[in-house]
Amino acid sequence: MANLKFLTDKCKGCGLCVEVCPKKVLALATDKINLKGHHPVEAVNPDSCIACAFCATMCPDCIITVER
Amino acid sequence: MVVFEKPHALTDVPMHYCPGCTHGIVHRLVAEVIDELGIEGKTIGIAPVGCSVMAYNYFNCDMIEASHGRAPAVATGVKRALPENVVFTYQGDGDLASIGMAETVHAAARNENITVIFINNAIYGMTGGQMAPTSLPGQITQTSPYGRDTNHCGFPVKICEMLSQVDGAEYLERVAVNNVKNVKNAKKAIKKAFENQINGKGFSLVEVISSCPTNWGLTPKKALEWIDEKMIPYYPLGVYKDRSAKEAE
Amino acid sequence: MADKVLMKGNEAIAEAAIIAGCRHYFGYPITPQTEIAAYMAKRMPKIGGCFLQAESEVAAINMVYGVSSTGHRVMTSSSSPGISLKSEGLSYLAGADLPALVVNVQRGGPGLGGIQPSQSDYYQATKAGGHGDFRMLVLAPASVQEMADLTVKGFELADKYRMTSMILADGTMGQMMEPVSLQYDVKEMPEKKWATTGTNMEREHNIVNSLFLQPDELEKSNIERFERYKYIEENEAMYEEYMMDDAEICIAAFGIASRVAKNAIVEARKKGIKVGMIRPITLWPFPNKPFLKASEKAHTFISVELSMGQMIDDVKLATKCRGEYVLCNRVGGMIPSPEEVLLAIETANKNGGAK
């Protein structure tokens, strides 16, 4: 069972993690705004996560922790 | 089990880079390598002038902020004073390939035992998107508003190709950080550049083709695609020099 | 003294630097200071030090910046055009509060100028070493012995105040030979907790930096630095007074000019003219107090300079412009003769301070 943690307030909403996820786990939360004023990433299909860490690999702000 | 987390050598300070800017990825790769080699306590980093001027806030090792283009000279001083420590510079294209060209070439010529991380994003980011020494022919920037005219302002500088002709240089590789595979390769190259220093092999430079979505006027995703479409064809990835490997053949 | 050796001024600087514990030298060839580099190139490898010929003066001063960041004593030397190239680095050293020793063996300018002695970098050294608000400790030797003494002193002051000490010599001082004694009780370096030597995972990371993007923080750092400068101005001014007790005419001269002036003073005294000299040894901080005191008795101040009149401004400021001021100068590599200085003294004596 994979587990994703986000430092939501450091997210800049660039969406690179969303693009790279092979399982469509992630999406930008269009109904939320973080401290920086961005729509932060969130896991919309967490059960599909395979902990490949592609999202974290492409995240420029190092806000994602991936656990398995 | 943790599959992926922030490396220790990276501080918790939020980075000031624009959304989708790949500087952050390269910072993390450098920090991961520092962690894996267990060298944080003896590493001294040199920040440039440019977008990554505040890199000194993002690495947990000791840091020095150099004047524009002079990071290799500063690193030379540090390494000569502390030869047992690990010294790296982190420089952009304006810093390394324009104003600091002399310092770059001569540090390589001396085979200065330092590691150079060179970010090539074909633009001056911090000042708002002016033409860089690495801007592509025809590239529109604030100071080449009609596209870079090579008849007027010359051609881009290819650092890896140029330095490969310098006898002193030990290791030169060009990588990119526009997809997962390239990021993994970039990390391997960065790790090798640090290991070379630890093993006393000398001047090791990794040129990282990086994106600047803001000043390229592209979304973060499109900017990564632009690297594949425009940057890599002009700046082919690969090892340009690996003296030790060649000698071992 | 038996321990005296005959040395060129440039060599005396180099050997004194080594005695002071300097093990890192970076430079670029330029006349008339090149003997310093040549001496270091010979000596440093024998004592485990580092001599490195840099690709430019710009690179050399930044290598200095790197070594200084690690807390080690370090120096560079050059002559006038090369110092202009170093001014970027001098400003960064000041902004990052790093100690260093920089030697300027001056030659005539502006531009490429010539290779003969000059003092025309006085303004540059004392007032405009680079961009931004900052000072350097400026030490002006007038003998080969002082070339050595002030080098040792320069390192000590640089470490004490975390700033650049500049030896402002000239081509004559660099090239001439005199007997020197190199016996020093060098003070121990202060602890440098700010140095970037690696955290060893035992402390927070140190950052050597001159960037302050918040204006209030930058203002604060400037004000703090100038509080230090104020203390230096009150405590570190050095000068020599020569026949000043009854002087009605006061000569101001440093370096080679002061030696010429001394000869002229001796001749003038023979003619009964009450003339003396204040020789600044530190050009910054400028020795204001003895000049102000001299202005109580002296009606005329003669500034003897190898420039178009630069130090004379500081003499006027120190004496609150209450005397008569005469410039006795030669430039371009020319040196005023004792006769020229004597003529200036005699003229001043005849005028008696009248305009």
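It should be noted that the structure appears before, not after, this text.
Basis of the calculations
Residues numbered from 1 in each chain as written. Chains lettered and ligands numbered in written order. Predicted model: local features only at pLDDT ≥ 70, side-chain atom pairs only at ≥ 80, totals over all residues. Helix = DSSP H or I, 4+ residues; strand = E, 2+ residues; numbered from the N terminus. Rg over C-alpha atoms; globule rule 2.2 N^0.38 Å. Buried ≥ 20, exposed ≤ 12 C-beta atoms within 10 Å, placed from the backbone. Contact = placed C-beta atoms within 7 Å. Nonpolar A, V, L, I, M, F, W, Y, C, P; charged D, E, K, R; others polar. Pairing = 2+ DSSP bridges. Axes fitted to C-alpha atoms, helices over the stretch in contact; angles between N-to-C directions. Parallel < 35°, antiparallel > 145°, perpendicular 65-115°, else oblique. Left-handed = near helix turned anticlockwise from the far one by under 90°. Core = buried A, V, L, I, M, F, W, Y, C linked by C-beta atoms within 7 Å. Domains from an automatic or database assignment.

### Quick look at the overall build of chain A
Alright, step 1. Of the regular secondary structure elements, chain A holds two helices and four strands.
Alright, step 2. Taken from the N to the C terminus, the helices and strands of chain A come in the order β-α-β-β-α-β.
Alright, step 3. Relative to the compact-globule value of 11 Å for 68 residues, chain A shows a C-alpha radius of gyration of 11 Å, a close match.
Alright, step 4. Taking the principal axes of the C-alpha coordinates as reference, chain A spans close to 30 × 20 × 20 Å.
Alright, step 5. The buried share among the 68 residues of chain A stands at 44%.
Alright, step 6. Considering only intrachain contacts with a sequence separation of at least 6, the fraction spanning at least 24 residues in chain A is 62%.

### As for the overall build of chain B
Alright, step 1. A count of helical and extended segments in chain B gives 10 helices and eight strands.
Alright, step 2. Radius of gyration (C-alpha) of chain B: 17 Å, near the 18 Å computed for a compact globule of 249 residues.
Alright, step 3. Projected onto its principal axes, the C-alpha positions of chain B cover 50 × 45 × 35 Å.
Alright, step 4. Contacts spanning at least 24 positions in sequence make up 67% of the contacts within chain B whose residues lie at least 6 apart.

### Description of the interface of chain B and chain A
Alright, step 1. Across the boundary between the two partners, chain B contributes 22 residues, which contact 23 residues of chain A.
Alright, step 2. At the level of elements, strand 1 (2–4), helix 1 (23–37), helix 7 (180–198) and helix 9 (220–234) of chain B are the ones that each hand at least two residues to the side of chain B that touches chain A.
Alright, step 3. In terms of residue count, the dominant contributor to the side of chain B that touches chain A is helix 1 of chain B (four residues).
Alright, step 4. Considered class by class, the residues forming the side of chain B that touches chain A number 14 nonpolar, four polar and four charged.
Alright, step 5. As paired strands, strand 4 (residues 64–67) of chain A and strand 1 of chain B are joined by two bridges and run antiparallel to one another. When the bridges of strand 1 of chain B are listed, A:Val66 appears paired with B:Phe4.

### So, the packing of helix 9 (residues 255–270) of chain C against helix 12 (residues 338–351) of chain C
Residue and element names in this part refer to chain C.
Alright, step 1. Where helix 9 meets helix 12, the axes come as close as 8 Å, and the angle between the chain directions of the two elements is 55°. The angle between the axes of helix 9 and helix 12 places the two elements in the oblique class. Crossing of helix 9 against helix 12: the hand is right-handed. For the pair helix 9 and helix 12, contact is made by Val 260, Ala 261, Asn 263, Ala 264, Glu 267 and Ala 268 and by Pro 338, Val 341, Leu 342 and Ile 345, respectively.
Alright, step 2. Looking at the contact of helix 9 with helix 12, its residues break down into eight nonpolar, one polar and one charged.

### With respect to the environment of B:Gln91
Residue and element names in this part refer to chain B.
Alright, step 1. Here Gln 91 lies in strand 4 (residues 86–92).
Alright, step 2. Taking the C-alpha atoms as reference, Gln 91 lies 5.1 Å from Phe 118; in sequence the two are 27 residues apart.
Alright, step 3. Contacts of Gln 91, omitting those with residues within four sequence positions, involve Pro 48, Ala 71, Leu 96, Gly 100, Val 116, Phe 118 and Ile 119.

### Here we look at the packing of helix 1 (residues 9–19) of chain C against helix 6 (residues 144–161) of chain C
Residue and element names in this part refer to chain C.
Alright, step 1. The geometry of helix 1 relative to helix 6 is characterised by a closest axis approach of 8 Å and an angle of 30° between their N-to-C directions. By the angle between their axes, helix 1 is roughly parallel relative to helix 6. The handedness of the crossing between helix 1 and helix 6 comes out as right-handed. Residues Gly 9, Ala 12, Ile 13, Glu 15, Ala 16, Ala 17 and Ile 19 of helix 1 touch helix 6, and the partners they reach there are Val 144, Met 147, Ala 148, Thr 151 and Val 152.
Alright, step 2. A class-by-class count of the residues in the contact of helix 1 with helix 6 yields nine nonpolar, two polar and one charged.

### Section: the environment of B:Met162
Residue and element names in this part refer to chain B.
Alright, step 1. Turning to its location among the elements, Met 162 is positioned in helix 6 (residues 159–163).
Alright, step 2. For Met 162, a count of 17 C-beta atoms within 10 Å puts it in the partly exposed group.
Alright, step 3. Taking C-alpha positions, Met 162 is 9.0 Å from Val 105, a pair spaced 57 residues apart along the chain.

### Some words on helix 2 (residues 71–81) of chain B
Alright, step 1. The buried fraction of helix 2 of chain B amounts to 11 of the 11 residues, a majority that puts the element mostly inside the structure.
Alright, step 2. Restricting attention to buried positions, one finds in helix 2 of chain B the residues B:Ala71, B:Pro72, B:Ala73, B:Val74, B:Ala75, B:Thr76, B:Gly77, B:Val78, B:Lys79, B:Arg80 and B:Ala81.

### Here we look at the interface of chain C and chain B
Alright, step 1. Contacts between the two partners involve 32 residues from chain C and, on the opposite side, 29 residues from chain B.
Alright, step 2. For the side of chain C that touches chain B, the elements supplying multiple residues, two or more each, are strand 3 (50–53), helix 3 (57–69), helix 4 (80–95) and strand 9 (207–208) of chain C.
Alright, step 3. If you tally residues by element for the side of chain C that touches chain B, the top one is helix 3 of chain C, at nine residues.
Alright, step 4. As judged from the two bridges shared by strand 3 (residues 62–65) of chain B and strand 9 of chain C, these two strands associate in the parallel manner. Each residue of the ladder has a partner; that of B:Met63, found in strand 9 of chain C, is C:Ile207.

### Structural notes on the sheet that holds strand 4 of chain A
Alright, step 1. Here three strands make up an open sheet; going across it, the order is 1(A)-4(A)-1(B) and the pairing antiparallel. Sheet topology places strand 1 (3–6) of chain A together with strand 1 of chain B at the edges, where each strand pairs with a single neighbour. Direction aside, the axes of adjacent strands within the sheet are offset by 30° on average.

### A short note on the arrangement of the chains
Alright, step 1. For this structure, the chain pair with the highest number of contacts among two pairs of chains in contact is chains B and C.
Alright, step 2. If you take every C-alpha in chain A and every C-alpha in chain C, the smallest gap between them is 19 Å, and the two do not touch.

### So, the sheet that holds strand 4 (residues 74–78) of chain C
Residue and element names in this part refer to chain C.
Alright, step 1. Strand order in this open sheet of seven strands is 3-2-4-5-7-6-13, and the pairing throughout is mixed. Either end of the sheet is taken by a strand with one partner, and the two such strands are strand 3 and strand 13 (282–284). On average, each strand axis in the sheet is tilted by 20° relative to the strand beside it, whichever way the strands run.
Alright, step 2. Strand direction decides the pairing type here: strand 2 (residues 24–27) and strand 4, joined by two bridges, are parallel. Residue pairing across strands places His 24 opposite Val 74, the latter belonging to strand 4.

### Some remarks on the nonpolar core
Alright, step 1. Grouped together as the largest cluster of nonpolar side chains are 212 residues, with contacts concentrated most on A:Cys55 and B:Val208.
Alright, step 2. Looking at which element gives the most residues to this core, the answer is helix 6 of chain C, with nine residues.
Alright, step 3. Counting the residues that make up this core, at least three belong to each of domain 1 (4–199 + 207–235) and domain 2 (240–351) of chain C.
Alright, step 4. Filtering out sequence-adjacent residues up to four positions away, B:Val208 remains in contact with B:Val26, B:Ile117, B:Phe118, B:Ile119, B:Asn120, B:Val175, B:Ala176, B:Val177 and B:Ala186.

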